[in-house]
Amino acid sequence: MELSSFTYEIIIMLFAVAVFAGLIDTLAGGGGLITIPALILAGLPPLLALGTNKFQAFVGSGTASIMMLRKKKVTFHEVKYLMLMAFVGSVIGTIAVQFIDVELLNFVIPLVLLFIGIYFLFMPKASNIDKKPKISEKAYKNIVVPSIGFYDGMFGPGTGSFLSLSGIALRGVELIKATAMAKTMNFATNIASVLVFLAYGQVIFSIGILMMIGQIIGAYIGSHFLVKINPNHLKIIVVIMCFTMLIKYCSQMGWI
């Protein structure tokens, strides 16, 4: 499928979706919850949609990661092993998805949205969060991170939010830093997934490159907002994003 196979309306829609997804993904995670339905709506089969989504998303997460490192919201030393374990988990998950029924996405996506939305809705204010880690750094690095990486490789939507959430809930990391760390790990999972999807020929380059440009723009804008935004305002954005997308997705599936 080439770019000429799509109408101008679809091309413009996909570009705009990529800009918005890059912005939202940098601030709150969940950009894939916007781009994957858009790609499927544009007529791509599920695996091509997943592969093309990863191809365009890794640039957005890469841009956000570079911005976070440059602004010293997180250091490479802090995240290098987390990124490695996220990479390994994502490779395994992306290989696995080549052999399963991706229609499972229809049930996974709304559950992810509901879980994240409810957690952030009832999460205490950033100043009141217990900063005491619930699990060891080793357990987090070797079990939690690769598990989320596996999920990202297999499905993907909501991974950024999962990574942020795990850092807050399990390691006691404050919201802004947890989000910054999530960007770097999400970049690693996206790179791993892209390499596998490319090996299986599940990427449409023309659409992917178009959406890459949009992702860069959105991630650049979002990274500037992230270093200035009030953590409690970020919490509100996460909740609104989750429940809005949950309603939209359920409506699209004909469940409501």
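Calculation criteria
Residues numbered from 1 in each chain as written. Predicted model: local features only at pLDDT ≥ 70, side-chain atom pairs only at ≥ 80, totals over all residues. Heavy atoms only, no water. Helix = DSSP H or I, 4+ residues; strand = E, 2+ residues; numbered from the N terminus. Buried < 20%, exposed > 50% of the residue type's maximum accessible area, 1.4 Å probe, protein only. Contact = heavy atoms within 4.5 Å. Phe/Tyr/Trp six-rings, centres within 6.5 Å; stacked < 30°, edge-to-face > 60°. pLDDT = per-residue confidence, 0-100. Patch = residues over 30% accessible without salt bridge, like charges linked within 9 Å, V, L, I, M, F, W, Y side chains within 5 Å. Areas by Shrake-Rupley, 256 points an atom, 1.4 Å probe, with all protein chains shown as cover. Salt bridge = Lys/Arg side-chain N within 4 Å of Asp/Glu carboxyl O. Axes fitted to C-alpha atoms, helices over the stretch in contact; angles between N-to-C directions. Parallel < 35°, antiparallel > 145°, perpendicular 65-115°, else oblique. Left-handed = near helix turned anticlockwise from the far one by under 90°.

Peer 1: Mind showing me how you'd approach the environment of Asp152 here?
Peer 2: As for its placement among the helices and strands, Asp152 is situated in helix H6 (residues 137–154). Residue classification places Asp152 among the buried positions, given a relative accessible area of 1%. Residues Asp152 and Ser193, spaced 41 residues apart in sequence, show a C-alpha to C-alpha distance of 8.0 Å. What Asp152 contacts, discounting residues up to four positions off in sequence, is Lys54, Thr159, Asn186, Thr189 and Asn190.

Peer 1: I tried to follow the packing of aromatic side chains on my own but got confused; where do I start?
Peer 2: For any pair of aromatic rings, the description consists of the separation of the ring centres together with the inter-plane angle of the planes. What the rule picks out here adds up to four aromatic pairs. Considering the side-chain rings of Phe55 and Phe205, the 5.4 Å spacing of their centres and the 85 degrees angle between planes classify their relative orientation as edge-to-face. Of the two residues, Phe55 is situated in helix H3 (residues 46–70) and Phe205 in helix H9 (residues 205–226); the sequence distance between them amounts to 150 residues. Here Phe205 falls in the partly exposed class, since its relative accessible area comes to 44%. Relative to Phe155, the ring of Tyr151 has its centre 6.1 Å away and its plane inclined at 50 degrees; by these criteria the two rings are tilted. Three or more aromatic residues joined by ring pairs make a cluster, and in this case those are Phe55, Phe58 and Phe205.

Peer 1: What's the story with the confidence of the model for the protein chain in this structure? I'm lost.
Peer 2: Detailed reading of the predicted coordinates is not advisable wherever pLDDT is low. When pLDDT is averaged across the protein chain, the result is 84; 91% of the residues are at 70 or more. Element-level mean pLDDT values for the protein chain span from 75 in helix H10 (residues 231–252) up to 95 in helix H4 (residues 76–97).

Peer 1: Which parts of the structure should I look at to understand a nonpolar patch on the surface?
Peer 2: Nonpolar side chains collect at one region of the surface, where Leu195, Leu198, Phe205, Ile209, Ile213, Ile217, Tyr220, Ile221 and Phe225 lie side by side and expose about 830 Å² of accessible area between them. Counting residues per element, the ones that place at least two in the nonpolar patch are helix H8 (175–199) and H9. Of all the elements, H9 adds the most residues to the nonpolar patch, at seven residues. The residue Leu198 is located in helix H8 in this model. With relative accessibility at 34%, the residue Leu198 sits in the partly exposed group.

Peer 1: What exactly am I supposed to notice about the packing of helix H7 (residues 159–171) against H8 here?
Peer 2: Helices that pack against each other are described as a pair by the angle of their axes relative to one another and the distance between those axes. Where H7 meets H8, the axes come as close as 8 Å, and the angle between the chain directions of the two elements is 135 degrees. One finds that H7 runs oblique with respect to H8. Considering how the two elements wind past one another, H7 and H8 form a crossing that is right-handed. From H7, Thr159, Gly160, Leu163, Ser164 and Ile168 reach across to H8, where they touch Leu175, Ala178, Thr179, Ala182, Met185 and Asn186.

Peer 1: Would you mind showing me how to read the environment of Leu69 here?
Peer 2: Inspection of the secondary structure puts Leu69 in helix H3. Sequence separation between Leu69 and Ala180 is 111 residues; the distance between their C-alpha atoms is 8.4 Å. Leave out the neighbours within four places in its chain, and Leu69 touches Val74, Thr75 and Phe76.

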